[in-house]
Amino acid sequence: MIQKSEIETKIKSALSGFLKVEPSKIKGNSLLREELGLDSMDTIELVFELEDNFNIQISDDDIMGFKTMDDVVEYIVKMTNENK
Amino acid sequence: MSKRVVITGIGIVSPVGSGKDDFWKAALAGKCGVRRITSFDISNYRSQVAAETPNFDLHDYFPDQKPNRLDRFAQFSLAATKMAIEDSGLNLTSKDPYQVGVCMGSGMGGMVMGEPQLTDLIHTGLPGKVNPNFIPIVTPNSASGQIAINFNVKGPNITISTACSSSAHAIGHAVDLIRWGKAEVMIAGGGESCITPAVFAGFCSLRTLSTHFNDRPERAFRPFDRQRDGFVMGEGAGVLIIESLEHALKRKVQIYAEIVGYASTSEASHMVIPEQSGKEMVKTMELALADAKVPLEDVDYINAHATSTPIGDPVEIKAIKLLFRHHAHKIVINATKAVVGHTIGAAGAIAAIVCALSIKTGLIHPNINYEDPDPACAMDLILQKVVEKKIKAALLNSFGFGSNNATLVFRRYE
């Protein structure tokens, strides 16, 4: 089973890839849009990378629920567990 | 009376050097950027050479830019724009942003990142793996859009895609926009990067590329030479800052040259073969000179379209002879494509930069690889050496697939 910390690391790495933010500055409660500056295109890119990385499908409705880093991590944990 | 339009800034990314100084030094030295292709496995292709632009890194120009949001042609265009703006001394923050526009050319759009999205989808059958950036990067106007976004210029934002003549048309249209009072300053030019497996294969299949010089890449692009056997693809970008003369005079800036004439016509003849009598090319040049109000005998330099194809080069020379008659042999003619390859949507812009620099410096670069003059193209002043000349007026020809022609006329500003 994929560890939560591993998921976090992967998401931070994906985020820092296209945001001008150091991975260490991304906290669990960081607001994706307001604090990290994700615009809608950044979000779509993030989702694309997550789908690829974790071999999951993320629906448009689910994307709307991503407010913080933790939301994304929890979502991926749930999805990867469902996929087992 | 319509406004006079002058060139005040130059930016270039090319296989033989980026920045106007490095590029011009290389062109005058007779350098050639053609090499064996290294960006993908070329071993099964009929043609195996191209002029690739080595060591380009967008972050050298825009440290914070996300490269995955721009395909290579748009990255080239953005870098060339930065150089051109710096060269022109234009302070964009003090300008009304709606008075500065962008008009760029691109023949193929974002193929370097775009093409693998298509080929991978065919391969995998997985639409979910198509990158969300695919559409914004593949569109030919992504370069003009990125330029506007990065420099906050809000005037007309146009992209012209007329294959190999795209950026000559883009510059011509930008000139017209200033003449018509739609903008005071235009960022005009073109960018292209499509030396990619499928595009290259397409040009190979069209039998337009040189195949006899795969072992001697630097000799493959040979305009007007008897042994020419097709063009060689290149990549790069050329950008000019053009503005109304009164605007330039107010800013007290250097003026490279004046753009005095432009014509755009269709041969309405054939998608890829030029009309063989040359009368259509004559017409385009004639209209551009009439627009410029420049008499034939004032033209002393022509930057020819000259793609080094067996069919194309003689038609252009025939047209020049038909139009200029006895004066034709007094005109220095060269082809910049032999230096940088055929950069498709950037070709007209790079040639325009050459016209501007030739007028400004009084030096015309050699027509390289012209070792065995083809009698069908022979002219007195196609030369393999640098020519020193105080140019009065220069003419640039740019012809494109789709049966379309463009001619620009430049004059020394005095």
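Fair warning: this is a prediction, and the values are worked out from it, not measured in the lab. (Residues numbered from 1 in each chain as written. Chains lettered and ligands numbered in written order. Predicted model: local features only at pLDDT ≥ 70, side-chain atom pairs only at ≥ 80, totals over all residues.)

Participant: Any chance you could explain the overall build of chain B here in plain terms?
Facilitator: Assigned secondary structure in chain B consists of 12 helices and 15 strands. The C-alpha radius of gyration of chain B comes to 20 Å, within 12% of the 22 Å expected for a compact globule of 414 residues. C-alpha atoms of chain B, sized along the principal axes, occupy 65 × 55 × 40 Å. The proportion of buried residues among the 414 residues of chain B is 56%. Restricting the contact set of chain B to residue pairs at least 6 apart, pairs at least 24 apart contribute 80%. (Helix = DSSP H or I, 4+ residues; strand = E, 2+ residues; numbered from the N terminus. Rg over C-alpha atoms; globule rule 2.2 N^0.38 Å. Buried ≥ 20, exposed ≤ 12 C-beta atoms within 10 Å, placed from the backbone. Contact = placed C-beta atoms within 7 Å.)

Participant: Any chance you could explain the domain arrangement of chain B here in plain terms?
Facilitator: Interfaces are often sized by the accessible area lost when the parts come together. Residue and element names in this part refer to chain B. What the domain assignment lists for chain B is domain 1 (5–251) and domain 2 (261–411). Domain 1 and domain 2 are separated by 20 Å when their C-alpha centres are compared. Facing 62 residues of domain 1, the contacting portion of domain 2 comprises 55 residues. When residues of the side of domain 1 that touches domain 2 are traced back to their parent elements, those giving at least two are strand S1 (5–13), helix H1 (20–28), strand S3 (49–51), helix H6 (166–179), strand S6 (185–192), strand S7 (233–234) and strand S8 (236–244). Top element by residues in the side of domain 1 that touches domain 2 is H6. It accounts for eight residues. Partitioned by chemical class, the residues of the side of domain 1 that touches domain 2 number 29 nonpolar, 22 polar and 11 charged. (Domains from an automatic or database assignment. Nonpolar A, V, L, I, M, F, W, Y, C, P; charged D, E, K, R; others polar.)

Participant: Would you explain the packing of H6 of chain B against helix H12 (residues 347–361) of chain B in this entry?
Facilitator: Residue and element names in this part refer to chain B. In contact at an axis separation of 5 Å, H6 and H12 are set at 65° when each is read in the N-to-C sense. Between H6, through Ser166, Ser167, Ala168 and Ile171, and H12, the contact on the second element is made entirely by Ala347, Gly348, Ala349 and Ala352. Across the contact of H6 with H12, the residue classes tally to five nonpolar, three polar and no charged. (Axes fitted to C-alpha atoms, helices over the stretch in contact; angles between N-to-C directions.)

Participant: Would you explain the environment of Ile255 of chain B in this entry?
Facilitator: Residue and element names in this part refer to chain B. Along the chain, Ile255 falls in the loop between helix H8 (245–251) and strand S9 (257–266). Look at Ile255 and you get partly exposed, because 18 C-beta atoms sit within 10 Å. Setting aside residues no more than four positions away along its own chain, Ile255 makes contact with Val6, Ile7, Thr8, Ala248 and Tyr413.

Participant: Can you help me understand the sheet that holds S3 of chain B in this one?
Facilitator: Note on sheets: strands pair through backbone hydrogen bonds, and any given pair is parallel or antiparallel. All names here are of chain B. Strand order in the open sheet formed by three strands is S2-S3-S7, with mixed pairing between adjacent strands. For this open sheet the edge positions go to strand S2 (35–36) and S7, each flanked by a neighbour on one side alone. Relative to S3, S2 is paired through two bridges, and the arrangement is antiparallel. Within S3, the residue paired with Arg35 across the bridge is Ala50. (Pairing = 2+ DSSP bridges.)

Participant: Even after reading the chapter, I still don't get the confidence of the model for chain B, so can you show me in this structure?
Facilitator: Any region with low pLDDT has predicted coordinates that should not be read closely. The predicted model of chain B averages 97 in pLDDT, with 100% of residues at 70 or higher. Confidence estimates for the predicted assembly give a pTM of 0.95 and an ipTM of 0.81. (pLDDT = per-residue confidence, 0-100.)

Participant: Would you take a moment to explain the packing of helix H9 (residues 279–292) of chain B against helix H10 (residues 312–324) of chain B for this structure?
Facilitator: Helix-helix packing is characterised by the crossing angle of the two axes and by the distance between the axes. Residues and elements named next belong to chain B. Closest axis-to-axis distance for the H9/H10 pair is 8 Å, and the angle between their directions is 55°. With respect to their mutual orientation, H9 and H10 come out oblique. Seen along the crossing, H9 lies across H10 with a hand that is right-handed. Along the contact surface, H9 presents Met281, Val282, Met285 and Glu286, while H10 presents Val315, Glu316, Ala319, Leu322 and Leu323. Tallied by class, the residues present in the contact of H9 with H10 amount to seven nonpolar, no polar and two charged. (Parallel < 35°, antiparallel > 145°, perpendicular 65-115°, else oblique. Left-handed = near helix turned anticlockwise from the far one by under 90°.)

Participant: Just checking my understanding: could you explain the nonpolar core for this structure?
Facilitator: In a soluble, globular protein the nonpolar side chains are often hidden away together inside. Judged by nonpolar contacts, the single largest core of 134 residues is most densely connected at Leu240, Ile242, Ala356, Leu408 and Phe410 of chain B. In terms of residue count, the dominant contributor to this core is H12 of chain B (11 residues). Among all residues touching Leu240 of chain B, those that are not within four sequence positions of it are Ile7, Gly9, Ile10, Ala84, Ile171, Ala188, Gly189, Ala349, Ala352 and Ile353 of chain B. With 13 residues, the next largest nonpolar core counts Ala14, Leu38, Leu46 and Leu50 of chain A among its residues. (Core = buried A, V, L, I, M, F, W, Y, C linked by C-beta atoms within 7 Å.)

Participant: Any chance you could explain unusual backbone geometry here in plain terms?
Facilitator: What is expected of a backbone is that most residues other than glycine have negative phi and most peptide bonds are trans. All names here are of chain B. Residue Phe224 is not a glycine yet carries a positive backbone phi of 70°. In this structure, Phe224 sits in the loop between helix H7 (197–205) and S7. By C-beta crowding, Phe224 is classed as buried, having 27 other C-beta atoms within 10 Å. Located in the positive-phi region is Lys293, a residue other than glycine, with phi close to 55°. By secondary structure assignment, the location of Lys293 is in the loop between H9 and strand S10 (299–303).

Participant: It is not clear to me how the pairing of S10 of chain B should be interpreted in this structure. Could you clarify?
Facilitator: Consecutive side chains of a regular strand alternate in pointing toward one face of the sheet and then the other. All names here are of chain B. Across the five residues of S10, four count as buried, placing the element largely inside the fold. Across four bridges, the pairing between S10 and strand S14 (residues 393–400) is parallel. Of the residues in S14, the one forming a bridge with Ile302 is Leu395. Bridge count between S10 and strand S11 (residues 332–334): three bridges; the pairing is parallel. Bridge pairing in S11 links Tyr301 to Val332. Chirality of the crossover, the property in question, places the unit of S10, H10 and S11 among those that are right-handed. (Right-handed = clockwise from strand over helix to strand, strands pointing away.)

Participant: Would you take a moment to explain the interface of chain B and chain A for this structure?
Facilitator: Contacts between chain B and chain A engage six residues on the former and seven residues on the latter. Considering only residue class, the side of chain B that touches chain A consists of one nonpolar, three polar and two charged.

Participant: Help me understand the environment of Thr208 of chain B, please; the structure alone is not making it clear to me.
Facilitator: Residues and elements named next belong to chain B. Position of Thr208 among the secondary structure elements: in the loop between H7 and S7. For Thr208, a count of 20 C-beta atoms within 10 Å translates into the label buried. In the structure, Thr208 is positioned 128 residues away from Thr336 in sequence and 18 Å away in space, judged by C-alpha atoms.

Participant: What should I look at first to understand the sheet that holds S9 of chain B in this one?
Facilitator: Residues and elements named next belong to chain B. Strand order across the open sheet formed by 10 strands is S5-S4-S6-S8-S1-S9-S15-S14-S10-S11, with mixed pairing between neighbours. With one partner strand each, in any of the chains shown, strand S5 (157–160) and S11 form the two edges of the open sheet. The mean inter-strand angle of the sheet, taken between neighbouring strand axes irrespective of direction, is 25°. Together, S1, strand S4 (100–105), S6, S8, S9, S10, S14 and strand S15 (404–411) form the strand contacts of H12, whose direction differs from that of S14 by roughly 170°.

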